[in-house]
Amino acid sequence: MSKHIALGIDIGGSGIKGAPVNLKTGELTEDRYRIPTPHPSTPDAVARTVAQVIARFEPSHKVPVGVTFPGVIQDGIVKTAANVDDKWIGTDLRQIIRDYAGHDVVVLNDADAAGYGEYKYGAAHEQDGVVLLTTLGTGVGSALIVDGTLVRNTEFGHVEIDGAIAEDFAAESARERHDLSMEEWTVHLQRYYSEMEKLLWPDLIIVGGGISKHWEDFLPRLALRAPIVPAELFNQAGIVGAAAHAYNVTKRQADAAKAAEKKAKKKGK
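Residues numbered from 1 in each chain as written. Predicted model: local features only at pLDDT ≥ 70, side-chain atom pairs only at ≥ 80, totals over all residues. Heavy atoms only, no water.

### Digging into the sheet that holds strand E4 (residues 65-69)
In space, the five strands of this open sheet follow the order E3-E2-E1-E4-E7, with mixed pairing throughout. The sheet is open, and its two edges are formed by strand E3 (33-36) and strand E7 (106-109), each paired on a single side. The sheet shows a mean angle of 20° between the axes of neighbouring strands, taken without regard to direction. Bridge count between E4 and E7: four bridges; the pairing is parallel. Bridged to Thr-68 within E7 is Leu-108. Against the sheet, helix H1 (residues 43-57) engages strand E1 (5-11), strand E2 (15-22), E3 and E4, with an angle of about 30° to E2. Most of the contacts of helix H3 (residues 110-121) go to E7, to which it runs at about 100°, and overall it touches E1, E2, E4 and E7. (Pairing = 2+ DSSP bridges. Helix = DSSP H or I, 4+ residues; strand = E, 2+ residues; numbered from the N terminus. Axes fitted to C-alpha atoms, helices over the stretch in contact; angles between N-to-C directions. Contact = heavy atoms within 4.5 Å.)

### Remarks on a negative patch on the surface
The grouping of Glu-126, Asp-128, Asp-147 and Asp-203 at the surface amounts to a negative patch. Take Glu-126: it is sitting in the loop between H3 and strand E8 (130-136). On the accessibility criterion, Glu-126 (40% relative accessible area) is partly exposed. (Patch = residues over 30% accessible without salt bridge, like charges linked within 9 Å, V, L, I, M, F, W, Y side chains within 5 Å. Areas by Shrake-Rupley, 256 points an atom, 1.4 Å probe, with all protein chains shown as cover. Salt bridge = Lys/Arg side-chain N within 4 Å of Asp/Glu carboxyl O. Lys, Arg positive; Asp, Glu negative; His and termini not counted. Charge placed at Lys NZ, Arg CZ, Asp CG, Glu CD. Buried < 20%, exposed > 50% of the residue type's maximum accessible area, 1.4 Å probe, protein only.)

### A look at the nonpolar core
In terms of nonpolar packing, the biggest core is built from 28 residues, with Leu-136, Trp-185, Leu-189, Tyr-192, Tyr-193, Phe-218 and Ile-228 touching the most fellow members. For this core, the secondary structure elements donating two or more residues are E8, strand E9 (140-146), helix H4 (166-170), helix H6 (182-200) and strand E13 (204-208). Among the elements that make up this core, the one with the highest residue count is H6 (six residues). Not counting residues up to four positions away in its chain, the partners in contact with Leu-136 are Ala-170, Glu-172, Trp-185, Leu-189, Tyr-193, Val-207, Gly-208, Gly-209, Gly-210, Ile-211 and Phe-218. (Core = buried A, V, L, I, M, F, W, Y, C linked by side-chain atoms within 4.5 Å.)

Shown next as structure tokens:
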């Protein structure tokens, strides 16, 4: 792998998938490799599977590896685990993957990775200001990017609006559960996105998730201040965003280490 390549791994409720990413273009350099998520999806079982995906591409230790997780991650520690085993809560995600894979990794929330991928290479490419990405699926995932900086672990799908949790009425699963037409569901989306505009004043809103492929059936019905557009990377967003984020974090750490070393040498003279 060249110096312009990083590896992205996306942990999902049904599958764990990964691929190397060309950091100049955001394109996958090899076919995506996917293994079904083990059940039960315990930390050891999932970390072992992630290690298999990483090993498939044989990255050198110089290649940054980013791993997404469907939950809140703080300092590498899993704080929530909506679609995987509850035993994940309190687990050091970075450490357990490193133990199984023998390769250091950068970890982040899955929606954050998707949002960052869209910012770098997709629908929000290098967009200034405030960018809000939401994924409409089983729940409502969210990512917020402000002037290119990712604001981690937003959970705007859990915002309470008029006494109801947003994802309980705005998620794609809610449309299916209540057998709503696209027109009826759009009323719920209007309620949700109007509240997001009131709270965040985004310059651009991106809608991801599988339903975004049918964006023409509902996005034009929404009356919002900000442009609202479908995601462009679709199922590759998590992989691409994880790889790009891992590269940036690794580079920042390397630059900081070099600066500290230079400072120490100068002080020692």
